[in-house]
Every structure is written in structure tokens, then in C-alpha cells.
Amino acid sequence: MKELSPAEIVLMRKAGEITKNALIYAETLVKPGISTNSLDKMISAYIIENGGIPCFKNYCGYPASTCISINEVVVHGIPSERKLKEGDIVSIDIGVDYKGYKGDAARTFPVGKISPEKQKLIDVTRECFFEGIKQLKVGERLGKLSHAIQVHAESNGFSVVREMTGHGIGAKMHQSPNVLNYGKETDGPIVIANTCIAVEPMINMGRKEIFILDDGWTTITRDLQPSAHYENTVLILADRVEILTL
Ligand code: MF3
Ligand code: CO
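Residues numbered from 1 in each chain as written. Chains lettered and ligands numbered in written order. Predicted model: local features only at pLDDT ≥ 70, side-chain atom pairs only at ≥ 80, totals over all residues. Heavy atoms only, no water.

Engineer: Any chance you could break down the coordination of the cobalt ion (ligand 2) for me, citing the residues and the numbers?
Structural biologist: Coordination sphere of the cobalt ion (ligand 2), protein contribution only: Asp-104 (OD), His-167 (NE2), Glu-200 (OE) and Glu-231 (OE), at 2.0 to 2.3 Å. Because the angles between the six donor atoms bound to the cobalt ion (ligand 2) fall within 48 to 175°, the donor set is best described as irregular. The sequence pattern describing where the donors of the cobalt ion (ligand 2) fall on their chain is D-x62-H-x32-E-x30-E. Here Glu-200 is found in the loop between strand 9 (195-199) and strand 10 (202-204), whereas its partner Glu-231 is found in the loop between strand 13 (227-229) and strand 14 (232-236), with 31 residues between them in sequence. (Donors = N, O, S within 2.8 Å, 3.2 Å for Na, K, Ca; no water. Tetrahedral: all angles 85-135°; square planar, octahedral: opposite > 155°, others 65-115°. Helix = DSSP H or I, 4+ residues; strand = E, 2+ residues; numbered from the N terminus.)

Spelled out as C-alpha cells, the structure:
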């Protein structure tokens, strides 16, 4: 885990604030009939107007500013002319660079009226994040967070995606450690102060297996059942954690 200076923490807070506000804005746009390309363009413009740079664009060749993942798409959905429709769930993942520091966060939103099962999936995925965060303390193993997320998802009858994880974040969007959403309490590094991680449970309604489409990005559940995502950038301090994107 990479320690941040007080000046770097100021910039991480600002990156987080722009990311948070971009998600609040994104939520107001989610309606049946809007294309994911329109969402991407509007969110990108919002980030720039607020002094940030959308940092997914061109990251490892990624072609858009946001990831927008509908229903069975777990993560990394590429914006397109596809339109949201009533009953869908849509995950919007946003990354912002502010003066070289990164914010990264995601939410899954309902489109109009959705089924109770899909609403439960969204709710449990968000709860998984908070169950994990409760276990995030300086001096403890990061595995305590990972384990708590897995227990909450599975005790609600859902499954945890294994292939993708949260991550350390700072001047780079992805850095060590990997922040697993499953595993043993005794695994993982010892948590240290003045570091940031992105915690991001990806939870499937059905089975945990996924596959990636030929575009190299779009990640889909094997059983084509819905999946939800909830992510925040979290600052770990000596005596508390601060959620920078909420
Ligand atoms: N937001 C993703 C994550 O949480 C990363 C998006 S990949 C990108 O790790 F290529 F779109 F940037
Ligand atoms: Co992330």
C-alpha cells in the first residue's frame, strides 16, 4: 500500500468529490430511452466542466469516458447506441483525474420500475461494500474486508465475481494491493494509514462465472443473469476511514 502525503490527500479528496458529483448527475439522466452513448457524453462533459479529466478514456485502449453495464453485463460495458429500457438495471462506473490524482466509483441504478429480485441485488451489493468497510482498520488484514463482503453476498443467495477486484488508487488508478471481494480473514496485507483503496463488490444474482466478449472489455455473466456493482474510493486514516466518493 502506497502512503500519501497531506498534500496528496487534499488532491484525492477533490478527485473523489468530482467523481461523486458526476455519479449524482448520472443518476438524474437514467431513464428509459436514453442511449448509453448519450450518458457517456453528458457525464464526460460534466467531469470536464467541474475541473476533472475522465480517466478511463484510452486507459489500456478503453474507448470511452465511462463504463456502462446493463443487466448481465458485470463491468466494462462500452457505451453504444443501445438505449436503456424500463426494468433494466444499469451500472455506471466513473474515473476522474484531478491534478494527477484519481477518483473511481460506480453505482447500479434501476431504470424505471424493476423487479424485486433486481432491487434486492442492487441493495445487497451496496450493503456488501459497507459490511466490508466496517472491517477496514489500520493494523488489521485487508482479508477481513474481503471475507465480510463474501459472507454478506452469499448469505443473501448471490455470488461474488472472482476475476476482477478492487485496487489501491492514488496517482495511478490501479495499483497494489488487489482488494478481493472474497477470501479468508487472515489473508491480504496489513492495512496501513494514509492510503487509498477502491472497494468494489461485483455481485451476481446467479452463478459467479463470467466471460469477456470479443471486444476485449464487456464482461458478462455466463448464465446471463443480472449483476450489480458498487464502488467507492476510500481513504484510510489512522483512526477512521473516509469515503471520498460518497
Ligand atoms: N473502474 C474500473 C475499476 O474499477 C476500471 C475501468 S477500466 C477502464 O477498476 F479501462 F475503463 F478504465
Ligand atoms: Co475501480
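There's more to say after this.
Engineer: Tell me about the layout of surface pockets, residues and numbers included.
Structural biologist: Within this model, the largest pocket holds a volume of roughly 330 Å³. Lining the largest pocket are 20 residues; nearest its centre among them are His-76, Thr-165, His-167, His-174 and Glu-200. Taken together, the residues of the lining of the largest pocket break down into nine nonpolar, six polar and five charged. In this structure, the second largest pocket encloses a volume near 160 Å³. Every residue lining the second largest pocket is listed: Arg-107, Thr-108, Phe-109, Pro-110, Gln-119, Ile-122, Asp-123, Thr-125, Arg-126, His-229, Tyr-230 and Leu-246. Sorting the residues of the lining of the second largest pocket by element identifies strand 5 (101-110) and helix 3 (116-134) as the ones contributing at least two each. With five residues, helix 3 is the single largest residue contributor to the lining of the second largest pocket. (1 Å grid on protein atoms, 1.4 Å probe; cavity = no way out; pocket = protein on both sides within 12 Å on 5 of 7 lines; lining within 4 Å. Points joined across faces, edges and corners; volume = space filled by probe spheres on them. Nonpolar A, V, L, I, M, F, W, Y, C, P; charged D, E, K, R; others polar.)

Engineer: Before we move on, can you summarise the packing of aromatic side chains with the specific residues and values?
Structural biologist: For any pair of aromatic rings, the description rests on two quantities: the centre-to-centre distance and the angle between the ring planes. Summed over all chains, the structure comprises five aromatic pairs. Plain terms: the ring middles of Phe-129 and Phe-130 are 5.0 Å apart, the flat faces sit at 85° to each other, and that makes the pair edge-to-face. For Phe-129, a relative accessible area of 0% puts it in the buried group. Within the aromatic cluster, the residues linked to one another by ring pairs are Phe-129, Phe-130 and Tyr-230. In this structure, Arg-162 is placed above the aromatic ring of Tyr-182, and the distance from its NZ or CZ to the ring centre is 4.7 Å. (Phe/Tyr/Trp six-rings, centres within 6.5 Å; stacked < 30°, edge-to-face > 60°. Buried < 20%, exposed > 50% of the residue type's maximum accessible area, 1.4 Å probe, protein only. Lys NZ or Arg CZ within 6 Å of the ring centre and 35° of its normal.)

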